[in-house]
Amino acid sequence: VPAIGVTCTNPQVTSDCDVYFRICFLDPFQGTVHANFASEQFGAKTAYCLGELGNDYDQGLINYFTQAAEALGMKVVKGDFPENNSDFTSYLTTAKNEGADVIFAPCSIQYAQLIVEQAAAQGIDIPLLGPDTWDSNQILGAAQGKDIEIFVSTFYAEGADPDFEAGFKAWLNENSEALTNNGGNDLISAVSVMGYDAYHVALEAMKKAGSVDKADILAAVPGVTYTGVSGAIAFDEIGDAIRDSAFIKKANTANNVWDFVTAAKVEG
């Protein structure tokens, strides 16, 4: 049965599975984007990386960030926290004491909210860099009204497709359950956009196959090309998306929205 991943960025997802495809960029790219951004935006000389011990997503992204950062001449200091950790005070203090110019914390929303809240409470003025998992209304909520800088890499920046957004917001505001599930507001996250695009890629595969038989659809998916809300979508030989850019957004803590910063690319 063919599967189309929406935001699964770990390289291993498609490495040994002939039926799995995805429409998102990968973590080697995402980690490099953040290292380049830290260097270009902040002139960072020292970066503090914080992730959950034993978590493949966290540690993989930290590894890719470190490789790119060190190639740029940056010093990288790493901190690992245990599962279900709730106190990040000592880690944030270490980042400050190490003279970190940025903190890269590619962890889940559960931990990210705590990191944001505790960094603000400690008066940490080091920019926080988060991956696609941080592109969430929950992170905006945690940051609202606080004196803190948060930058995330993501697949879509609100404002890029006004027609789609108008329809999506209208649907949210007419559906109380959907609005609640969206955090009680009509902000459009990249995950929602990517889910919408993945659905249409699946439809295109069915059209191309001229069939709803799973074997026919599986054979058709690799040849699908589709211009989605998030951009052009096509697949390489192992089912990964051919993507060459990511959006960087900054949390607007006063207005509780994400502000577009830049579209980042990585050569090669």
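Keep in mind that this is a model prediction, so the values were computed, not measured.

How each quantity is defined
Residue numbers restart at each chain and count upward from 1, following the sequence in its written direction. Local features in this predicted model are restricted to residues whose pLDDT is 70 or higher, and side-chain atom pairs enter the listing and the counts only when it is 80 or higher, whereas totals over whole chains, interfaces and linings include all residues. Excluding hydrogens and water, the side-chain values take into account all heavy atoms of the structure. Within 6.5 Å between ring centres, the rings of Phe, Tyr and Trp (the latter by its six-membered ring) count as paired, and their orientation is classed by plane angle as stacked under 30 degrees, edge-to-face over 60, tilted in between. Runs of H or I in DSSP of at least four residues are treated as helices and runs of E of at least two as strands, each being numbered from the N terminus. Relative accessibility under 20% of the residue-type maximum defines a buried residue, over 50% an exposed one, and the middle range a partly exposed one, all with a 1.4 Å probe and only protein chains included. If DSSP finds at least two bridges between two strands, the strands pair. Note on handedness: a clockwise path from strand one over the helix to strand two, with the strands aimed away from the viewer, defines a right-handed crossover. Any two residues having at least one pair of non-hydrogen atoms within 4.5 Å are treated as being in contact. The definition of a polar contact used here is a pair of N or O atoms within 3.5 Å, where within protein one atom must be able to donate a hydrogen and the other to accept one, and adjacent residues in sequence count solely through side-chain atom pairs. Convention adopted: a line fitted to C-alpha atoms gives each axis, helices being fitted over their contacting stretch, and angles between N-to-C directions are expressed from 0 to 180 degrees.

## Brief notes about the packing of aromatic side chains
Phase 1 of the analysis: Applying the stated criterion across every chain yields a total of 16 aromatic pairs.
Phase 2 of the analysis: Centroid distance Phe37 to Phe151: 5.4 Å. Interplanar angle 55°. Geometry classified as tilted. You can see Phe37 sitting in helix H1 (residues 27-42) and its partner Phe151 sitting in strand S7 (residues 150-154), a full 114 residues away along the chain.
Phase 3 of the analysis: Seen in terms of ring centroids, Phe65 and Phe104 are 4.6 Å apart; in terms of plane orientation they differ by 20°. Their pairing is stacked. Of this pair, Phe65 sits in helix H2 (residues 56-71) while Phe104 is found in strand S5 (residues 102-104), placing the two residues 39 residues apart along the sequence. Of the two residues examined, Phe65 and Phe104, each falls in the buried class.
Phase 4 of the analysis: Through successive ring pairs, a cluster of aromatic residues spans Phe81, Phe88, Tyr91 and Tyr111.

## Re the pairing of strand S4 (residues 75-81)
Phase 1 of the analysis: Here seven bridges tie strand S3 (residues 46-52) to S4, and the two strands are oriented parallel to one another. For Ala47, the partnering residue across the bridge sits in S4 and is Val76.
Phase 2 of the analysis: This β-α-β element, S3 to H2 to S4, shows right-handed connectivity.

## Things to note about the environment of Phe81
Phase 1 of the analysis: For Phe81, the location among the structural elements is in strand S4.
Phase 2 of the analysis: A C-alpha to C-alpha distance of 5.0 Å links Phe81 and Glu52, two positions 29 residues apart in sequence.
Phase 3 of the analysis: Dropping the residues within four chain positions of it, Phe81 is found in contact with Leu50, Gly51, Glu52, Leu53, Asp58, Phe88, Tyr91, Cys107 and Tyr111.

## A few points about the side chain of Asp135
Phase 1 of the analysis: Turning to its location among the elements, Asp135 is positioned in the loop between strand S6 (128-130) and helix H5 (137-143).
Phase 2 of the analysis: Taking the relative accessible area as the measure of exposure, Asp135 reaches 5% and is therefore buried.
Phase 3 of the analysis: Here the side chain of Asp135 touches Thr154 through a polar contact of 2.5 Å, side chain to side chain.
Phase 4 of the analysis: A distance of 3.5 Å separates a polar atom in the side chain of Asp135 from a polar atom in the side chain of Trp258.
Phase 5 of the analysis: Filtering out sequence-adjacent residues up to four positions away, Asp135 remains in contact with Val152, Thr154, Tyr156, Ser189, Ala190, Lys249 and Trp258.

## So, the sheet that holds strand S11 (residues 257-265)
Phase 1 of the analysis: Within the open sheet, the seven strands sit side by side as S4-S3-S5-S6-S7-S10-S11. Their pairing is mixed. Each edge of the sheet is formed by a strand with only one pairing partner; in this case those strands are S4 and S11. Across this sheet, the average inter-strand angle for adjacent strands is 25°, counted without regard to direction.
Phase 2 of the analysis: Two elements, strand S10 (residues 245-252) and S11, share eight bridges in a ladder whose sense is antiparallel. Counterpart to Ser245 in the pairing with S11 is Lys265.
Phase 3 of the analysis: Against the sheet, H2 engages S3, S4 and S5, with an angle of about 165° to S3.
Phase 4 of the analysis: Contacts from helix H4 (residues 109-121) reach S3, S4, S6 and S7, with the element oriented near 170° to S6.

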